[in-house]
Amino acid sequence: MTAPTHTPSSHTPTMPTSAGGTLHEPVIDWFDAHARDLPWRRPEAGSWGVMVSEFMLQQTPVNRVLPVYEQWLARWPRPADLAKEAPGEAVRAWGRLGYPRRALRLHGAAVAITERHGGDVPTEHAQLLALPGIGEYTAAAVASFAYGQRHAVLDTNVRRVLARAVTGVQYPPNATTAAERRLARELLPDDERTASRWAAATMELGALVCTAKNETCQRCPIAAQCAWRLAGKPAHDGPARRGQTYAGTDRQVRGKLLAVLREALAPVPQAVLDRVWDEPVQRARALDGLVSDGLVEPLPGGLYRLPLT
């Protein structure tokens, strides 16, 4: 459900969207000077490398993604290489990145790219959006970062930068709103290459400077124009922000079950899986969920394995 949008008070200055042009140059110049050298930003990454990175970076920090990304691209340098493998191999290679359904979705996208597009990641936004497992954000990100196209790319970091700099609030709503998408489109530079750089630059600014906690405004290239800072940094008064708990949750149990299956070279008996978590009801629920999500394949005789089809 979409969280209600916080409306700035009369004391909170809101930057007019017509002022967006004054933000582009300082943010892009800052990015040119301070952007991290990440493998998916290098020319040799290609469109497939960009797509893989976008799947992996959803809800997962860069330092955890880097080693898995490198191993993934070394093993499957093209979509067709991944498409030839069983989906369970994608889940195995995903390791402990979390949210392993992303691995199945990326495998499904690789199969579709191979079957529909001759093994090349499509260039058109609509074609990207039609791939399994790809939503609006990923389609826009791949089109922008891989092909230099003009699209509003709205991840958590970008949303936070725009919320503070333009709207004058500390945090964006819990779920992306139509108003945020409209604002992001209005702020896009007209030129395609500049728009692509703007998308990457605002994302990096949110990751390194305009962070969720302990933001470093003294390092921000648009601090003098930031509506939230000029208002005295009013505290968030919208809906409570969602936290991500892990210990003791079904997610933790699922992770432990998958860890056993990833390491196994043969189907795993139920009794072995039973050892990973003491509470039987939660353990069974977690295993049933993995089966339902297509991440685990049950076999006769109480055996389980990663999926082959």
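Within every chain, residues take consecutive numbers counted from 1 along the sequence as written. Local features are withheld for residues below a pLDDT of 70 in this predicted model, meaning they are given only at 70 or higher, and side-chain atom pairs are given and counted only at 80 or more; totals for whole chains, interfaces and linings count all residues. Only hydrogens and water are set aside; all other atoms, that is, all heavy atoms of the structure, feed into the side-chain values.

Caption draft 1: Focus on the nonpolar core. One finds Trp48, Met51, Met56, Trp72 and Leu106 to be the most contacted residues of the largest nonpolar core, which totals 49 residues. Secondary structure counts use DSSP, requiring at least four H or I residues in a row for a helix and at least two E residues in a row for a strand, with both numbered from the N terminus. For this core, the secondary structure elements donating two or more residues are α2 (46–57), α3 (62–75), α5 (87–94), α6 (101–117), α8 (136–147), α13 (250–263) and α15 (280–292). For every domain, the bounds stem from an assignment made automatically or drawn from a database. When we break this core down by domain, the ones giving at least three residues each are domain 2 (39–147) and domain 3 (250–305). Note on definitions: a residue-residue contact is assigned when non-hydrogen atoms from the two residues lie within 4.5 Å. For Met51, the residues in contact, after removing those within four places along its chain, are Leu106, Ile113, Val121, Leu128, Leu131, Ile134 and Val142. Residues enter a nonpolar core if they are buried and are Ala, Val, Leu, Ile, Met, Phe, Trp, Tyr or Cys, with the set joined through side-chain atoms within 4.5 Å. Any residue under 20% of the maximum accessible area for its type is buried, any over 50% is exposed, and the rest in between are partly exposed; the area is computed with a 1.4 Å probe on protein chains only.

Caption draft 2: Up close: the domain arrangement of the protein. Parsing the protein into structural domains produces domain 1 (17–34 + 152–190 + 201–230), domain 2 (39–147) and domain 3 (250–305). If you average the C-alpha positions of domain 2 and of domain 3, the two centres end up 26 Å apart. Summed over both partners, the accessible area lost on bringing two parts together, with a 1.4 Å probe, is the buried area. Each partner contributes to the roughly 840 Å² buried at the junction of domain 2 and domain 3, and carbon and sulfur atoms together form 56% of this total. Here, a salt bridge means any side-chain nitrogen of Lys or Arg that lies within 4 Å of a carboxyl oxygen of Asp or Glu. Across the domain 2-domain 3 interface, the total number found is one salt bridge. Charged means Asp, Glu, Lys or Arg here, nonpolar means Ala, Val, Leu, Ile, Met, Phe, Trp, Tyr, Cys or Pro, and polar covers whatever is left, Gly included. Partitioned by chemical class, the residues of the side of domain 2 that touches domain 3 number four nonpolar, one polar and three charged.

Caption draft 3: Fine view of the packing of α2 against α6. To obtain each axis, a line is fitted to C-alpha atoms, and for helices this fit is confined to the stretch in contact; angles are then taken between N-to-C directions over 0 to 180 degrees. Put simply, α2 and α6 touch, their axes get as near as 10 Å, and they point 155 degrees apart. Considering their axes alone, α2 and α6 lie roughly antiparallel with respect to each other. Crossing of α2 over α6 shows right-handed handedness. The segment α2 lies against α6, with Trp48, Met51, Val52, Phe55, Met56 and Leu57 engaging Arg102, Arg105, Leu106, Ala110 and Ile113. Split into classes, the residues belonging to the contact of α2 with α6 amount to nine nonpolar, no polar and two charged. Small angles under 35 degrees read as roughly parallel and large ones over 145 as roughly antiparallel, with 65 to 115 read as roughly perpendicular and the rest as oblique. Crossing chirality is assigned from the near helix's rotation relative to the far helix, an anticlockwise turn below a right angle marking it left-handed and a clockwise turn marking it right-handed.

Caption draft 4: Just empty space enclosed by the protein, in detail. The rule is simple: put a 1 Å grid over the protein atoms alone, call a set of points where a 1.4 Å probe fits but cannot get out a cavity, call an open set with protein on both sides within 12 Å along at least five of seven lines a pocket, and count a residue as lining if it has an atom within 4 Å of a point. Grid points are joined across faces, edges and corners, and a volume is the space filled by probe spheres set on the points. Overall, the coordinates contain two cavities of 30 Å³ or more when judged by the stated rule. For the largest cavity, the lining is made up of 14 residues, of which Arg164, Cys210, Cys217, Cys220 and Cys226 are closest to its centre. Of the residues forming the lining of the largest cavity, the biggest block, three residues, is contributed by helix α9 (residues 156–167). Considering only enclosed or pocket space, the second largest cavity measures out at about 80 Å³ in volume. Secondary-structure elements contributing two or more residues to the lining of the second largest cavity are α9, α10 (178–187) and α11 (192–208). No other element matches the three residues that α11 contributes to the lining of the second largest cavity.

Caption draft 5: Molecular detail of the UniProt feature "domain: HhH-GPD" (unreviewed entry) in the protein. UniProt records the feature "domain: HhH-GPD" (unreviewed entry) for residues 56–208 in the present numbering. Along residues 56–208 the backbone is 67% helical and 0% strand, and the end-to-end C-alpha distance reaches 19 Å. UniProt positions are given in the numbering used here, feature names are shortened, and annotations may be inferred rather than shown by experiment.

Caption draft 6: View of the sheet that holds strand β2 (residues 297–299). Spatially, the three strands line up as an open sheet ordered β1-β3-β2, and their pairing is antiparallel. Among the strands making up the open sheet, the edge pair consists of β1 (268–269) and β2. When DSSP finds two or more bridges between two strands, those strands count as paired. Looking at chain direction, β2 and strand β3 (residues 303–305) are connected through three bridges and run antiparallel. By the bridge assignment for β3, Leu299 is matched with Leu303.

Caption draft 7: Molecular detail of the environment of Ala143. Topologically, Ala143 is positioned in helix α8. Here the alpha-carbon distance between Ala143 and Leu128, two residues 15 residues apart in the chain, equals 8.0 Å. Ignoring any residue separated from it by four or fewer positions in sequence, one finds Ala143 in contact with Leu128, Gly148, Gln149 and His151.

Caption draft 8: Spotlight on the packing of aromatic side chains. In this scheme Phe, Tyr and Trp rings, the latter by its six-membered ring, pair at centre separations within 6.5 Å, and the angle between planes marks the pair as stacked below 30 degrees, edge-to-face above 60, and tilted otherwise. Under the counting rule described, the total for this entry stands at three aromatic pairs. An angle of 80 degrees between the planes, with centres 5.1 Å apart, marks the rings of Trp40 and Tyr69 as edge-to-face. Here Tyr69 lies in helix α3 and Trp40 lies in the loop between α1 (21–34) and α2, a separation of 29 residues in the sequence. On the numbers, 4.6 Å between centres and 75 degrees between planes, the contact of Trp72 with Trp76 is edge-to-face. Residue Trp72 is classed as buried on the basis of its relative accessible area, which comes to 1%. Here the aromatic residues Trp72, Trp76 and Trp94 are joined through ring pairs into a cluster of three or more. Arg164 extends its terminal NZ or CZ atom over the ring of Trp228, reaching a point 4.7 Å from the ring centre. Working rule: Lys NZ or Arg CZ, within 6 Å of ring centre, within 35 degrees of ring normal, means a charge sits over the ring.

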